[in-house]
Amino acid sequence: MKHIAILLVLALLLAGCAAAPAAAADPTVSGDPAQNKYTLAYSLAAVQEGDGFYCGGYLYSNRLFYYDRQTGFSGILCSNPECTHDSTDCGGYVENLRGLAYADGKLYWIANDPSELTRDTFLWQGDLSGQNRVRLKRLSFDDVLLPYQPQEFVVHQGKLYIYGQADQIESGKTQFRRTVLVTGLDDSENFTTLFEETSSQYADAALRFVGSTLYLGMERNDGGTSYQIRKLDLTTGDCTEVFQEALPNTSTTAFWVTNQEEIYLPGCVDGHFLVWRIQDSSKTEVVSFPSSDFCPFVLDGCAVAISQDASGKRQAEIRSLSGDLLYEGRLLPDELPGITGDPNACSYAVVGGDADRLVLQLIDGTMNNYTVLLDVKNGLAPTLLWSSQS
């Protein structure tokens, strides 16, 4: 059994490498912060380190991919030049990957172990080259996965944080228990509960880590739609509410917290899409998108609104968080080498980005998947990072 110590309980009823053996973590982990800016697409995990982008997810055939912006190299993160990448022995193979992260020169991720027939999953560590893969920690199905039902895995400042929302029956009624667990990047079996609450309503949530604080944004549907933002002190476990208000048409994955702990939230008023800054429990409009058809995304240093013109072409409007226009025009060209057909005909998801670059995931009509980087300062000039056809 895992030893789970409860520090804080909030009861809010209102609301070419084969699998490696287990080993200790690299003791030099210094505590790099979580990368919040590539977390918007549930089906794709991505991180950036220097000129390298790393990506993985179930839509990419259970493989880790790498793109080098200096050389233009794109491919599976496998160091064996003779590997055919078609078996679990491939150095880039990751089964059911979640929570890809970078910390102190290493990659971390959650994935199954193909060499072990189990319902458990594991925390892994590997070099940026794809070599020296180590299985660090077991996440037991009975003790962690089933009772907590994890939805997010985030590596931040040398620790693994797990956000879960589990449904359970109490007095004949369905209740939802939301928790934040923390554990070391090691082989220990200790998981500490930093936050816990129970509600009769399911809540979509988004997590933003800044320093020693976790900002937790939730869209609640308890008699109406409201949005709540709380801050959780990762050192003491203290939790305080910083904002709550009835806000229809908000996007729970798109709220943003800067390194200076400024909070931005997109929304809609009478069909008009905008971005608010949240301060002193109140909101102030800072960015306006009067011509947008959809709720904007708030990224690191900018907000992005995407619409569609009469011809079916997607248009993008990108503004700084002070409202200055950074780009306005076509989101995607009619043709992009490596993508079959018109990219505008693909369904899309915003993976994340900042005021310099925007990362999209595209899926065409035959379920081929593509990840595209758009250069904001160069007219959204596109670069194909990865393709499931590669």
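Residues numbered from 1 in each chain as written. Predicted model: local features only at pLDDT ≥ 70, side-chain atom pairs only at ≥ 80, totals over all residues. Heavy atoms only, no water.

(A) Representation of the sheet that holds strand 14 (residues 204–210) within the structure. Strand order in this open sheet of four strands is 14-15-16-17, and the pairing throughout is antiparallel. Here the strands that pair on one side only, and so sit at the sheet edges, are strand 14 and strand 17 (239–246). If you compare each strand with its neighbour and ignore which way they point, the axes differ by 15° on average. With nine bridges connecting them, strand 15 (residues 213–221) and strand 16 (residues 225–233) associate as antiparallel partners. Bridge pairing in strand 16 links E219 to Y227. (Pairing = 2+ DSSP bridges. Helix = DSSP H or I, 4+ residues; strand = E, 2+ residues; numbered from the N terminus. Axes fitted to C-alpha atoms, helices over the stretch in contact; angles between N-to-C directions.)

(B) Structural detail: empty space enclosed by the protein. Looking at the second largest cavity, its volume works out to about 40 Å³. F195, L214, L216, R230, K231, L232 and C239 together form the lining of the second largest cavity. Those elements that place two or more of their residues in the lining of the second largest cavity are strand 15 and strand 16. Here the lining of the second largest cavity takes three residues from strand 16, the largest share from any one element. Residues of the lining of the second largest cavity, tallied by class, amount to five nonpolar, no polar and two charged. (1 Å grid on protein atoms, 1.4 Å probe; cavity = no way out; pocket = protein on both sides within 12 Å on 5 of 7 lines; lining within 4 Å. Points joined across faces, edges and corners; volume = space filled by probe spheres on them. Nonpolar A, V, L, I, M, F, W, Y, C, P; charged D, E, K, R; others polar.)

(C) Summary view of the packing of aromatic side chains. On inspection of all chains with the given rule, the structure shows six aromatic pairs. Between the aromatic rings of Y54 and Y66, the centroid separation amounts to 4.8 Å while the plane-to-plane angle is 45°, which identifies the pairing as tilted. Of this pair, Y54 sits in strand 3 (residues 52–57) while Y66 sits in strand 4 (residues 63–68), and the two are 12 residues apart along the sequence. Y66 carries the same exposure label as Y54, and that label is buried. On the basis of an interplanar angle of 40° and a centroid distance of 6.5 Å, the ring pair of Y66 and F73 is categorised as tilted. Classification of Y66 as buried rests on a relative accessible area of 16%. The class for F73 is partly exposed, based on a relative accessible area of 46%. Ring pairs connect the aromatic residues Y54, Y66 and F73, which therefore count as one cluster. K137 extends its terminal NZ or CZ atom over the ring of F191, reaching a point 5.6 Å from the ring centre. Over the ring of W276 we find K283, and its NZ or CZ is 5.3 Å from the ring centre. (Phe/Tyr/Trp six-rings, centres within 6.5 Å; stacked < 30°, edge-to-face > 60°. Buried < 20%, exposed > 50% of the residue type's maximum accessible area, 1.4 Å probe, protein only. Lys NZ or Arg CZ within 6 Å of the ring centre and 35° of its normal.)

(D) Looking closely at the pairing of strand 10 (residues 150–156). Of all seven residues that make up strand 10, five are buried, and the element is covered over most of its length. The antiparallel pairing of strand 10 with strand 11 (residues 159–170) creates a hairpin that spans two residues between the two strands, and Q157 there sits at a positive phi of about 50°.

(E) Broad picture of the pattern of salt bridges. For the structure on display, the rule yields 21 salt bridges. E116 serves as the salt-bridge partner of R135, at 2.9 Å between the closest nitrogen and oxygen. Taken together, the positions of R135 in strand 9 (residues 134–139) and E116 in the loop between strand 7 (106–112) and strand 8 (121–127) put the pair 19 residues apart, joining distant regions of the chain. Assessed through its relative accessible area of 12%, R135 is described here as buried. Two residues, D334 and K313, come together in a salt bridge whose shortest N-O distance is 3.2 Å. With D334 in the loop between strand 25 (325–330) and strand 26 (347–353) and K313 in the loop between strand 23 (302–308) and strand 24 (314–320), this pair connects stretches of sequence that are 21 residues apart. (Salt bridge = Lys/Arg side-chain N within 4 Å of Asp/Glu carboxyl O.)

(F) Structural view of unusual backbone geometry. Its identity is not glycine, yet Q149 carries a phi of approximately 45°, on the positive side. Located in the positive-phi region is D280, a residue other than glycine, with phi close to 55°. When you line up the elements, D280 lands in the loop between strand 20 (272–279) and strand 21 (282–289). We classify D280 as exposed; its relative accessible area is 72%.

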